[in-house]
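Tertiary structure, described
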Amino acid sequence: MPDTQDIPLKSTALYDRHVALGARMVPFAGYTMPVQYEGVLAEHRWTRESAGLFDVSHMGQARLTGADAIATLESLTPTDFAALSQGKQKYSLLLNDTSGILDDWMVSRPETSGFFLVVNAACKDQDFEIIAEEIIGDTHFQVLDDRALLALQGPKAKDVMQSVCPAACDMYFMDCGTFEIMGETAFFSRSGYTGEDGFEISVPNSIAGALWDRLLTDPFVKPIGLGARDSLRMEAGMPLYGHEMDASYTLAEADLKFAMSKSRLTRGDIKGIDRLKKQLDGHLDRVRVALKILSGPPAREGAVIVAKDGGVLGKITSGGPSPSLGYSIAMGYVPPAEAAFGTELDVEVRGKPYPAVIVSLPFVANGYHRKPKG
């Protein structure tokens with residue numbers, strides 16, 4: 001295998017703009033990306049209160065079309081995509097033969113035919129290779145490496161979008177659509193990895209800079225780096241691939257059962273279904289939990305979770321201070337018997353135990369723009 005240190009870092013179409021804005025650039029998933037502009041804390045709070053603009057163009061974008069596109073998608077995931085209507089998107093998982101999680105995806109159906117995929121930057125080469133190798137019948141696979149991806153997140157995002165693409169504001173949480181911006185076709189979705197209302201906008205690289213500049217002219221908008229993106233997603237209880245999940249975890253362990261359609265479970269055509277069914281029936285060794293750290297320093301990735309009697313229970317997978325709450329939070333894995341809300345335990349930081357308690361997710365209530373019921 002090649003030495004990754006010798007592989008030049010890639011850059012997004014917005015690299016020069018990040019540098020011009022004074023961003024601190026760092027290596028991330030094979031790219032040089034902005035980790036912060038004015039500071040993680042300020043950027044985190046701005047996104048919670050106004051609207052943050054993220055460059056997430058390092059993530060993989062692709063399209064699947066053709067009469068057998070659904071069959072191809074369902075052969076790789078636990079999700080019923082035949083039931084996905086035009087204008088909707090779903091969170092899904094790429095599974096290996098034992099139901100281990102190879103990546104998590106957002107899959108949308110913005111047009112009458114075909115699907116639009118967004119996959120994690122660190123996994124995209126692997127993901128795209130797997131898709132290409134497991135194409136079924138009449139399926140056409142196209143990697144969209146000529147497109148940028150911007151995310152506008154926060155309670156003021158809808159106000160900003162009203163002046164840029166007002167039609168997109170008619171969407172609700174987990175809706176998607178195709179709109180025209182600056183003379184080009186843009187794929188929109190309305191979800192929010194930060195836990196806030198927001199829009200994800202895929203555009204050709206040729207207009208990415210102009211759109212970025214246009215959005216930043218709004219006084220509600222500031223650029224936000226990867227540092228605040230991570231603290232925001234932790235508060236929202238969002239798992240991060242390589243932390244809360246990898247090929248050794250299943251959707252049952254990672255508490256991602258909502259990514260599995262009941263119809264697929266009934267059909268029994270999910271990869272690793274025998275293992276998965278046993279776990280869904282309660283035969284689990286570990287489950288993902290959320291922790292409020294009651295005192296002491298932040299418990300970060302790798303910190304050991306221990307019972308009050310000193311027995312080792314598991315490890316922290318993500319953790320740090322919560323700017324919104326004023327205390328430290330974390331996610332990690334413990335045995336199911338120790339996973340009930342309110343369970344008190346300890347986390348070890350630099351060899352010393354500090355008290356924590358298991359709480360429900362999300363840590364911070366989300367602000368998604370959901371469609372009214374009824």
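Whatever comes next refers back to the structure up there.
The paragraphs below set out a description of the structure included in this document. It should be emphasised that the depicted structure is a prediction, and the values quoted were computed from it without experimental measurement.

Within the largest apolar cluster, 38 residues are counted, with the highest numbers of intra-cluster contacts made by Leu93, Ile101, Leu256, Leu291, Ile305, Ile316 and Val347. For this core, the secondary-structure elements that each account for two or more residues are strand S5 (89–95), helix H9 (273–280), strand S14 (287–293), strand S16 (312–321), strand S17 (328–334), strand S18 (344–349) and strand S19 (352–359). The greatest single-element share of this core, amounting to four residues, is contributed by S14. Every residue in contact with Leu93, bar those within four places of it in the chain, is listed here: Leu76, Thr77, Pro78, Ile101, Asp103, Asp104, Met245, Leu251, Leu256 and Ala259. Counting 29 residues, the second largest nonpolar core, distinct from the first, contains Met161, Met171, Val203 and Leu215.

Below, the discussion takes up the packing of helix H5 (residues 157–164) against helix H6 (residues 205–216). Orientation of H5 relative to H6, taken along the N-to-C sense of each, is 120°, at an axis distance of 10 Å. Taken as axis vectors, H5 and H6 run oblique relative to one another. Here H5 runs over H6; the crossing is right-handed. In contact with Val160, Ser163 and Val164 of H5, H6 contributes Leu211, Arg214 and Leu215. Looking at the contact of H5 with H6, its residues break down into four nonpolar, one polar and one charged.

So, about the environment of Phe173. Position of Phe173 among the secondary structure elements: in the loop between H5 and strand S10 (175–181). Phe173 sits 186 residues away from Val359 along the chain, and the two C-alpha atoms are 25 Å apart. In contact with Phe173, other than residues within four places in its own chain, are Arg190, Ser191, Tyr368, His369 and Arg370.

Here the focus is empty space enclosed by the protein. Counted by the stated rule, this structure contains one cavity of 30 Å³ or more. Looking at the largest cavity, the residues that line it are Pro34, Phe54, Asp55, Val56, Ile224, Gly225, Leu226 and Arg229. Looking at the lining of the largest cavity, the elements that each hand over two or more residues are strand S3 (51–55) and helix H7 (226–235). Looking at the lining of the largest cavity, its residues break down into five nonpolar, one polar and two charged.

Another point: the pattern of salt bridges. Between side chains of opposite charge, pairing is possible as soon as their charged atoms come close. The tally for this structure, following the rule as stated, stands at 17 salt bridges. Across the pair Glu196 and Arg48 runs a salt bridge, and its minimum N-O distance is 3.2 Å. With Glu196 in the loop between strand S11 (184–190) and strand S12 (198–204) and Arg48 in helix H2 (residues 40–49), the pair connects residues that are 148 residues apart, well separated along the chain. A residue is classified by how much of its surface remains accessible, and Arg48, at 14% relative accessible area, is buried. Residues Asp97 and Lys271 are paired through a salt bridge, measuring 3.8 Å at the closest nitrogen-oxygen approach. Taken together, the positions of Asp97 in the loop between S5 and strand S6 (101–108) and Lys271 in the loop between helix H8 (262–267) and H9 put the pair 174 residues apart, joining distant regions of the chain.

Before going further, it helps to examine the pairing of S18. Across a regular strand the side chains alternate sides, sitting on one face of the sheet and then on the other. With three bridges joining them, strand S15 (residues 304–306) and S18 adopt antiparallel strand pairing. Along S18, the bridge assignment pairs Val306 with Asp346. Alignment of S18 against S19, held across six bridges, turns out to be antiparallel. Paired with Val347 across the strands is Tyr354, a residue of S19. From the end of S18 to the start of S19, which pair antiparallel, there are two residues, and Arg350 there has a positive phi angle of about 55°.

Taken in spatial order, the five strands of this open sheet run S5-S6-S7-S4-S8, and their pairing is antiparallel. If you trace the sheet from one side to the other, it starts and ends with S5 and strand S8 (140–143), each paired once. Neighbour-to-neighbour, the strand axes of this sheet turn through a mean angle of 25°, independent of strand direction. Along the sheet, helix H3 (residues 69–76) contacts strand S4 (60–65), S5, S6 and strand S7 (115–119); its crossing angle with S7, the most-contacted strand, is approximately 30°. The strands that helix H4 (residues 124–133) touches are S4, S5, S6, S7 and S8; relative to S6, the one it contacts most, it runs at about 80°.

Definitions and cut-offs
- Residues numbered from 1 in each chain as written.
- Predicted model: local features only at pLDDT ≥ 70, side-chain atom pairs only at ≥ 80, totals over all residues.
- Heavy atoms only, no water.
- Core = buried A, V, L, I, M, F, W, Y, C linked by side-chain atoms within 4.5 Å.
- Buried < 20%, exposed > 50% of the residue type's maximum accessible area, 1.4 Å probe, protein only.
- Helix = DSSP H or I, 4+ residues; strand = E, 2+ residues; numbered from the N terminus.
- Contact = heavy atoms within 4.5 Å.
- Axes fitted to C-alpha atoms, helices over the stretch in contact; angles between N-to-C directions.
- Parallel < 35°, antiparallel > 145°, perpendicular 65-115°, else oblique.
- Left-handed = near helix turned anticlockwise from the far one by under 90°.
- Nonpolar A, V, L, I, M, F, W, Y, C, P; charged D, E, K, R; others polar.
- 1 Å grid on protein atoms, 1.4 Å probe; cavity = no way out; pocket = protein on both sides within 12 Å on 5 of 7 lines; lining within 4 Å.
- Points joined across faces, edges and corners; volume = space filled by probe spheres on them.
- Salt bridge = Lys/Arg side-chain N within 4 Å of Asp/Glu carboxyl O.
- Pairing = 2+ DSSP bridges.

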